[in-house]
Amino acid sequence: MIRGAIGVLWVLLIAGVLGFQWLRDQSDVGAGYVAKELCSCVFVAERDLASCRPDLPPEMEAIEAELGADRVRAFVPALAERIARFEPPFGCVLY
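**Here we look at the state of the cysteines**
Working step 1: Scanning the entire structure with this criterion turns up two disulfides.
Working step 2: The disulfide that involves Cys39 links it to Cys92, with 2.1 Å between the sulfurs. Measuring the twist about the S-S bond at about -80°, one finds the Cys39-Cys92 disulfide to be left-handed. Taken as a pair, Cys39 in helix H1 (residues 2-44) and Cys92 in strand S4 (residues 91-94) lie far apart in primary sequence, 53 residues in all. Neither Cys39 nor Cys92 differs from the other in exposure class; each is buried.
Working step 3: Two residues share a disulfide in this structure: Cys41 and Cys52, whose sulfurs sit 2.0 Å from each other. Since a negative S-S torsion denotes a left-handed disulfide, the Cys41-Cys52 link at about -85° is left-handed. With a gap of eleven residues between them, Cys41 in helix H1 and Cys52 in helix H2 (residues 49-52) connect regions that are remote in the sequence.

**Quick notes on the environment of Ala65**
Working step 1: By the element assignment, Ala65 lies in strand S1 (residues 64-67).
Working step 2: With 55 residues separating them in the primary sequence, Ala65 and Trp10 have C-alpha atoms 37 Å apart.
Working step 3: Apart from residues no more than four positions distant in its own chain, Ala65 is found in contact with Val34, Leu38, Arg53, Val72, Arg73 and Ala74.

**Some points on the packing of aromatic side chains**
Working step 1: For the structure on display, the rule yields one aromatic pair.
Working step 2: Between Phe43 and Phe86 the ring centres are 5.7 Å apart and the planes differ by 15°, which places this aromatic pair in the stacked class. One end of the pair, Phe43, is in helix H1; the other, Phe86, is in strand S3 (residues 80-87), with 43 residues separating them in the sequence.
Working step 3: Lying over the aromatic face of Phe75, Arg73 brings its terminal NZ or CZ to 4.0 Å of the ring centre.
Working step 4: Sitting above the plane of the Tyr95 ring, Arg85 keeps its charged end 4.5 Å from the centroid.

Reading guide: rules and limits
- Residues numbered from 1 in each chain as written.
- Predicted model: local features only at pLDDT ≥ 70, side-chain atom pairs only at ≥ 80, totals over all residues.
- Heavy atoms only, no water.
- Disulfide = S-S within 2.5 Å.
- Helix = DSSP H or I, 4+ residues; strand = E, 2+ residues; numbered from the N terminus.
- Buried < 20%, exposed > 50% of the residue type's maximum accessible area, 1.4 Å probe, protein only.
- Contact = heavy atoms within 4.5 Å.
- Phe/Tyr/Trp six-rings, centres within 6.5 Å; stacked < 30°, edge-to-face > 60°.
- Lys NZ or Arg CZ within 6 Å of the ring centre and 35° of its normal.

What follows is the structure, encoded as C-alpha coordinates:
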(Lines give C-alpha, C1' and ligand atoms only; values in the text may rest on other atoms or scores of the structure.)
Protein backbone atom coordinates (compact mmCIF):
# COMPACT_ATOMS: atom_id res chain seq x y z
CA MET A 1 0.00 0.00 0.00
CA ILE A 2 2.73 2.47 0.97
CA ARG A 3 4.83 1.52 -2.07
CA GLY A 4 1.87 2.25 -4.32
CA ALA A 5 1.34 5.66 -2.69
CA ILE A 6 5.02 6.51 -3.04
CA GLY A 7 4.93 5.43 -6.69
CA VAL A 8 1.91 7.64 -7.35
CA LEU A 9 3.64 10.58 -5.63
CA TRP A 10 6.74 10.11 -7.80
CA VAL A 11 4.64 10.01 -10.96
CA LEU A 12 2.81 13.18 -9.90
CA LEU A 13 6.09 14.91 -9.04
CA ILE A 14 7.65 14.03 -12.39
CA ALA A 15 4.50 15.07 -14.26
CA GLY A 16 4.49 18.39 -12.38
CA VAL A 17 8.14 19.10 -13.18
CA LEU A 18 7.69 18.21 -16.85
CA GLY A 19 4.48 20.25 -17.04
CA PHE A 20 6.17 23.28 -15.52
CA GLN A 21 9.10 22.97 -17.92
CA TRP A 22 6.71 22.76 -20.88
CA LEU A 23 4.78 25.80 -19.63
CA ARG A 24 8.01 27.76 -19.18
CA ASP A 25 9.22 26.85 -22.68
CA GLN A 26 5.89 27.82 -24.24
CA SER A 27 5.90 31.11 -22.32
CA ASP A 28 9.41 31.87 -23.56
CA VAL A 29 8.41 31.27 -27.19
CA GLY A 30 5.27 33.35 -26.78
CA ALA A 31 7.14 36.22 -25.12
CA GLY A 32 9.68 36.21 -27.95
CA TYR A 33 6.92 36.28 -30.54
CA VAL A 34 5.12 39.17 -28.84
CA ALA A 35 8.33 41.15 -28.32
CA LYS A 36 9.41 40.77 -31.95
CA GLU A 37 6.00 41.49 -33.45
CA LEU A 38 5.34 44.54 -31.31
CA CYS A 39 8.87 45.87 -31.83
CA SER A 40 8.48 45.61 -35.59
CA CYS A 41 5.04 47.17 -35.48
CA VAL A 42 6.12 50.12 -33.30
CA PHE A 43 9.61 50.87 -34.62
CA VAL A 44 9.49 49.67 -38.23
CA ALA A 45 5.85 50.37 -39.11
CA GLU A 46 5.84 53.44 -36.81
CA ARG A 47 2.50 52.65 -35.16
CA ASP A 48 1.72 53.08 -31.49
CA LEU A 49 1.65 50.13 -29.09
CA ALA A 50 -2.11 50.31 -28.53
CA SER A 51 -2.81 49.92 -32.25
CA CYS A 52 -0.34 47.03 -32.58
CA ARG A 53 -1.67 44.85 -29.78
CA PRO A 54 -4.89 43.82 -31.63
CA ASP A 55 -2.72 42.41 -34.46
CA LEU A 56 -1.60 39.59 -32.16
CA PRO A 57 -3.58 36.35 -31.83
CA PRO A 58 -5.96 36.12 -28.84
CA GLU A 59 -3.75 33.40 -27.31
CA MET A 60 -1.09 36.04 -26.67
CA GLU A 61 -3.26 38.20 -24.38
CA ALA A 62 -1.66 36.73 -21.25
CA ILE A 63 1.74 38.06 -22.29
CA GLU A 64 2.42 41.55 -21.03
CA ALA A 65 4.51 44.07 -22.95
CA GLU A 66 6.40 47.23 -22.05
CA LEU A 67 7.70 49.77 -24.55
CA GLY A 68 11.15 51.30 -24.06
CA ALA A 69 13.06 53.93 -26.01
CA ASP A 70 14.29 51.42 -28.61
CA ARG A 71 12.96 48.09 -27.38
CA VAL A 72 9.94 46.07 -26.38
CA ARG A 73 10.02 43.83 -23.31
CA ALA A 74 7.44 41.04 -23.34
CA PHE A 75 6.99 38.78 -20.34
CA VAL A 76 4.87 36.30 -18.46
CA PRO A 77 5.39 37.03 -14.75
CA ALA A 78 7.61 34.44 -13.03
CA LEU A 79 7.94 32.34 -16.20
CA ALA A 80 9.56 34.09 -19.15
CA GLU A 81 10.89 37.36 -20.49
CA ARG A 82 12.18 38.35 -23.92
CA ILE A 83 13.41 41.68 -25.28
CA ALA A 84 13.36 42.79 -28.90
CA ARG A 85 15.54 45.79 -29.69
CA PHE A 86 15.28 47.99 -32.77
CA GLU A 87 18.63 48.07 -34.57
CA PRO A 88 18.57 50.11 -37.77
CA PRO A 89 18.89 49.16 -40.61
CA PHE A 90 18.26 45.55 -39.62
CA GLY A 91 14.93 45.95 -37.84
CA CYS A 92 14.13 44.29 -34.53
CA VAL A 93 16.39 41.67 -32.98
CA LEU A 94 15.50 39.33 -30.10
CA TYR A 95 17.67 39.17 -26.99
